[in-house]
Amino acid sequence: MCTNTGRVCEYIETPDRRRRAMREIHVTPAPNFVARRLLPRRLVDPSQIDLSPIERRYLDLFRVHTSKKCTGSIADDFWQRLVHQVAEEEPAVRHAAIAISSMHWQFLQEAESTNSKSLSRANPSANKSSSFTLAQCTKALVSLRQRLTIGGAYASSSAHREAMLVTCIILVSLSLFQGDVKAVTSHLRSGYSVLMEWQRVNFDGNTSGMVLMRAFSDLQLHRITFSLPQHDVEADELPLW
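For clarity, every value in this text was computed on a predicted model and none was experimentally measured.

### Observations regarding helix 3 (residues 53–71)
Quick reminder: α-helices carry 3.6 residues per turn. Residues three or four places apart thus point the same way.
Consideration 1: If you check helix 3, its first and last C-alpha atoms are 27 Å apart, about what 19 residues at 1.5 Å a residue would give, namely 27 Å.
Consideration 2: The sharpest bend along helix 3 comes to roughly 50°, located at F62.
Consideration 3: The complete set of buried residues in helix 3 reads E55, Y58, L59, L61, F62, T66, S67 and T71.
Consideration 4: Looking one or two residues past helix 3, G72 carries a phi angle of roughly 70°, positive in sign.

See below:
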């Protein structure tokens, strides 16, 4: 009996709102919680599935740091846009980017060392880094060779030529960092022949053609600037474009 109104109360016992709220939570979980618990998380980019954890870290370093250092303070459409786009589709470009990024990291470590002349003897990781960089270069070249062996329309397509030239530019830049003039000249000569063949067909309408042409011109100027005189005399000169 309710003392205020004189009517019979419809509840056997006084309802506890807090207890009822707790029962509703246990019986019917919130839909948002269930969705968050059951839906899988996207851990990595699809293009990085075949990469090891250390390769992913160096690729991320290339995207956020190394590619910016390659451009300096000047806007560069190749390093700031094209190389990242092609790397999403082409394994050869990804491994070449990882190689130059690992070499860049090694240079940073050497710069921080107080005794850079004895770094390779005092720190075994320096030799490991060089081996890793060489392995990534090999993977890039093997990937390009595999693409060629497939044949078909892709072997002569605009996308394949673009991937070859982007990979070549990265490897030339890596060789410049290492001071290997012979490797620079060899890669430039190979890439130049592909570039000229592609230019004859007006780059198949690909707008990246002129970006790659400018990148090759810049690398040729770097080669002439930093190479030793005796190498310039012995090597066959490439034309300046």
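Having seen the structure, we can now continue with the description.
### Here's the deal with the environment of T138
Consideration 1: If you trace the backbone, T138 turns up in helix 7 (residues 125–150).
Consideration 2: A relative accessible area of 41% means that T138 is categorised as partly exposed.

### Structural notes on the side chain of E55
Consideration 1: Mapped onto the fold, E55 is located in helix 3.
Consideration 2: Assessed through its relative accessible area of 4%, E55 is described here as buried.
Consideration 3: One polar contact links E55 to K139, side chain to side chain, over a distance of 2.8 Å.
Consideration 4: Among all residues touching E55, those that are not within four sequence positions of it are D50, H95, I98, F132, Q136 and K139.

### Comments concerning the environment of Q136
Consideration 1: Among the structural elements, Q136 can be located in helix 7.
Consideration 2: For Q136, a relative accessible area of 2% puts it in the buried group.
Consideration 3: Measuring from C-alpha to C-alpha, the distance between Q136 and A96 comes to 6.4 Å, with 40 residues separating the pair along the chain.
Consideration 4: In this view, Q136 contacts E55, H95, I98 and A99; residues no more than four positions away in its chain are not counted.

### Considerations on unusual backbone geometry
Consideration 1: Unlike most non-glycine residues, F203 shows phi in positive territory, near 60°.
Consideration 2: By relative accessible area, which is 5% here, F203 ends up buried.
Consideration 3: A positive phi angle, near 55°, is found at D204, a position not held by glycine.
Consideration 4: As for its position among the elements, D204 is in the loop between helix 10 (181–200) and helix 11 (208–226).
Consideration 5: Owing to a relative accessible area of 43%, D204 belongs among the partly exposed residues under this scheme.

### Some details on helix 10
Consideration 1: Between its first and last C-alpha atoms helix 10 spans 28 Å; for 20 residues at 1.5 Å apiece the expected length is 28 Å, and the two agree.
Consideration 2: Along helix 10, the residues that are buried comprise V181, A183, V184, T185, L188, G191, Y192, V194, L195, M196 and W198.
Consideration 3: Of the residues one or two after helix 10, N202 is the one with positive phi, at around 60°.

### Focus on the pattern of salt bridges
Consideration 1: Within the structure shown, the criterion is met by five salt bridges.
Consideration 2: A salt bridge links R63 to E88; the shortest N-O distance between them is 3.2 Å. Linking R63 in helix 3 with E88 in the loop between helix 4 (77–87) and helix 5 (91–112), this pair joins segments that are 25 residues apart in sequence.
Consideration 3: For R63, a relative accessible area of 25% translates into the label partly exposed.
Consideration 4: Two residues, R161 and E197, come together in a salt bridge whose shortest N-O distance is 3.4 Å. Of this pair, R161 sits in helix 9 (residues 158–178) while E197 sits in helix 10, and the two are 36 residues apart along the sequence.
Consideration 5: Residue classification places R161 among the buried positions, given a relative accessible area of 13%.
Consideration 6: For E197, a relative accessible area of 41% puts it in the partly exposed group.

### Observations regarding the packing of aromatic side chains
Consideration 1: Enumeration over the complete set of coordinates arrives at five aromatic pairs.
Consideration 2: On the basis of an interplanar angle of 90° and a centroid distance of 5.0 Å, the ring pair of F78 and W79 is categorised as edge-to-face.
Consideration 3: On the basis of relative accessibility, which here comes to 8%, the residue W79 falls in the buried class.
Consideration 4: Every member of this aromatic cluster is reached through a ring pair, and the members are F62, F78 and W79.

### Let's talk about the packing of helix 5 against helix 9
Consideration 1: Two numbers describe how helix 5 lies on helix 9: the axes approach to 9 Å, and their chain directions differ by 15°. In terms of orientation, helix 5 lies roughly parallel with respect to helix 9. Regarding helix 5 and helix 9, the two cross each other, and that crossing is left-handed. Along its contact with helix 5, which presents A92, V93, A96, A97, A99, I100, M103 and F107, the element helix 9 presents A163, V166, T167, I170, L171, S173, L174, F177 and Q178.
Consideration 2: A per-class count over the contact of helix 5 with helix 9 returns 14 nonpolar, three polar and no charged.

Thresholds applied
Residues numbered from 1 in each chain as written. Predicted model: local features only at pLDDT ≥ 70, side-chain atom pairs only at ≥ 80, totals over all residues. Heavy atoms only, no water. Helix = DSSP H or I, 4+ residues; strand = E, 2+ residues; numbered from the N terminus. Expected span 1.5 Å × (residues − 1). Bend = angle between axes of the 7 residues up to and from the residue. Buried < 20%, exposed > 50% of the residue type's maximum accessible area, 1.4 Å probe, protein only. Polar contact = N/O pair within 3.5 Å; in protein donor to acceptor, adjacent residues only side chain to side chain. Contact = heavy atoms within 4.5 Å. Salt bridge = Lys/Arg side-chain N within 4 Å of Asp/Glu carboxyl O. Phe/Tyr/Trp six-rings, centres within 6.5 Å; stacked < 30°, edge-to-face > 60°. Axes fitted to C-alpha atoms, helices over the stretch in contact; angles between N-to-C directions. Parallel < 35°, antiparallel > 145°, perpendicular 65-115°, else oblique. Left-handed = near helix turned anticlockwise from the far one by under 90°. Nonpolar A, V, L, I, M, F, W, Y, C, P; charged D, E, K, R; others polar.

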